[in-house]
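# Residue-level structure breakdown
Residue-level listing of the chains:
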Amino acid sequence: MKKIIIAGGSGFLGKSIIHHFDENEFEFVILSREYFDTHKKNCVVKLWDGKNIGDWKSELEGAVAVINLSGKSINCRYTDENKRLILSSRIDSTNAIGKAIEQCLNPPEVWMNASAATLYKYTETKNHDETSVEFNDDFSSNVCMEWERAFDNFKLKKTRKIILRISIVLGKNEGAFSRLASITKLGLGGKQGNGKQFVSWIHIDDYCRAIHFFIKNKLTKGIYNISTDNPVTNSDLMKTFRKKYHVPIGLPAPEFLLKISMKLIGTEPELILKSRRVVPKKMLGEGFTFLHPTIDSAIENLI
């Protein structure tokens, strides 16, 4: 069987990838700080500390792919300690995997390392594709840049390297989708802030299909924006949620109120207010097609 290693695979994205692949063709090894039951016959958990090479290194031998999704969640307040953990958890895991691959006799075919579409400069008028070098100068963007630099430091002759600049991933009962659906049904699904900020997104099925695409296509390498080519404004996003859930009213959340409420629930308002207008020029140019190219079709599929 073809083996895929997922570091930080216990979350929404990792579990979705495992579910996507044929369990009779692929086996998975999850690198996790804590053991958990995967309830999948083709999946095992190996303990690691996200920092040091350990017994898990042997699992990389002969693997078709290593996917690093490790990192403390950014859904928190940006205190000094949380900032330190957000950065260090990403850099340490990247360095550990890179060093382990360097020691492999039969290294993995491809190493995919997560990053985020949040690094691009705030814009309401211009799409950012993979050639863009206009980046924000703020904490979350600087984390992404340092994360990618750590990844770039490894010069591997036998392993393709791919940076995944991931946008908001929409999946049933998970993450952003469930939160937006909940507030919509409560009648609070109006625009957030001025509503002009752009939201770059991808349906979870297309996210998993993109991962599969990179594994199958041996010429893929470098930076990829993991998003559809149809970013939408926050105002249009919430309008679509209201339409799909047949809720005629959506109270707006002005910026000052949003900042107060986000502080109360222990997270940062930039997660909603920051404009991300990102498109996947490179994936499309290499032949990838989307099952859910529009926000209308994505939400329709998930409700």
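That block above? That's the structure.
The sections below set out a description of the structure shown in this document. (Residues numbered from 1 in each chain as written. Predicted model: local features only at pLDDT ≥ 70, side-chain atom pairs only at ≥ 80, totals over all residues. Heavy atoms only, no water.)

### Comments concerning the side chain of R90
- Position of R90 among the secondary structure elements: in helix α2 (residues 80–102).
- E148 provides the closest opposite charge to the buried, unpaired R90, separated from it by 11 Å.
- Here K72 takes part through its backbone oxygen, which lies 2.8 Å from a polar atom of the side chain of R90.
- Setting aside anything within four residues of it in sequence, one finds R90 in contact with S70, G71, K72, I74, V143 and W147. (Helix = DSSP H or I, 4+ residues; strand = E, 2+ residues; numbered from the N terminus. Buried < 20%, exposed > 50% of the residue type's maximum accessible area, 1.4 Å probe, protein only. Lys, Arg positive; Asp, Glu negative; His and termini not counted. Salt bridge = Lys/Arg side-chain N within 4 Å of Asp/Glu carboxyl O. Polar contact = N/O pair within 3.5 Å; in protein donor to acceptor, adjacent residues only side chain to side chain. Contact = heavy atoms within 4.5 Å.)

### So, the sheet that holds strand β4 (residues 65–68)
- Taken together, the 7 strands give an open sheet; going across it, the order is β3-β2-β1-β4-β5-β6-β10, and neighbouring strands pair in parallel fashion. At either margin of the open sheet sits one strand with a lone partner, and together these are β3 (43–47) and β10 (222–226). Averaged over all pairs of adjacent strands, the angle between strand axes in this sheet comes to 20 degrees, irrespective of strand direction.
- Of the strands in this sheet, β1 (2–7), β4 and β5 (110–116) are in contact with α2, which crosses β5 at around 170 degrees. (Pairing = 2+ DSSP bridges. Axes fitted to C-alpha atoms, helices over the stretch in contact; angles between N-to-C directions.)

### Brief notes about unusual backbone geometry
- Backbone geometry at H246 places phi at a positive 55 degrees, although glycine is not the residue there.
- Here H246 lies in the loop between α6 (234–244) and α7 (255–264).

### Details of the side chain of R277
- Checked against the element boundaries, R277 lands in the loop between α8 (270–273) and α9 (281–285).
- As a buried residue without a salt bridge, R277 has its nearest oppositely charged side chain in E124, at a separation of 7.9 Å.
- At 2.8 Å, the side chain of R277 forms a polar contact with the side chain of N127.
- Excluding residues within four positions of it along the chain, R277 makes contact with T123, E124, T125, K126, N127, H128, F198, S200 and P231.

### Observations concerning the pattern of salt bridges
- Scanning the entire structure with this criterion turns up 15 salt bridges.
- Connected via shared salt-bridge partners are K243, K244, D296 and E300.

### Description of a nonpolar patch on the surface
- A surface patch of nonpolar side chains, about 420 Å² in accessible area, is lined by L186, L188, I249 and L251.
- Note on placement: L188 falls in the loop between α4 (175–185) and β8 (198–199). (Patch = residues over 30% accessible without salt bridge, like charges linked within 9 Å, V, L, I, M, F, W, Y side chains within 5 Å. Areas by Shrake-Rupley, 256 points an atom, 1.4 Å probe, with all protein chains shown as cover.)

### Concerning the nonpolar core
- Counting residues in each nonpolar core, the largest one holds 39 residues, and the members touching the most others are I4, I17, Y207 and F214.
- Ignoring anything within four residues of it in the chain, the contact list for I4 reads F21, F26, E27, F28, V29, V64, A65, I67 and I215. (Core = buried A, V, L, I, M, F, W, Y, C linked by side-chain atoms within 4.5 Å.)

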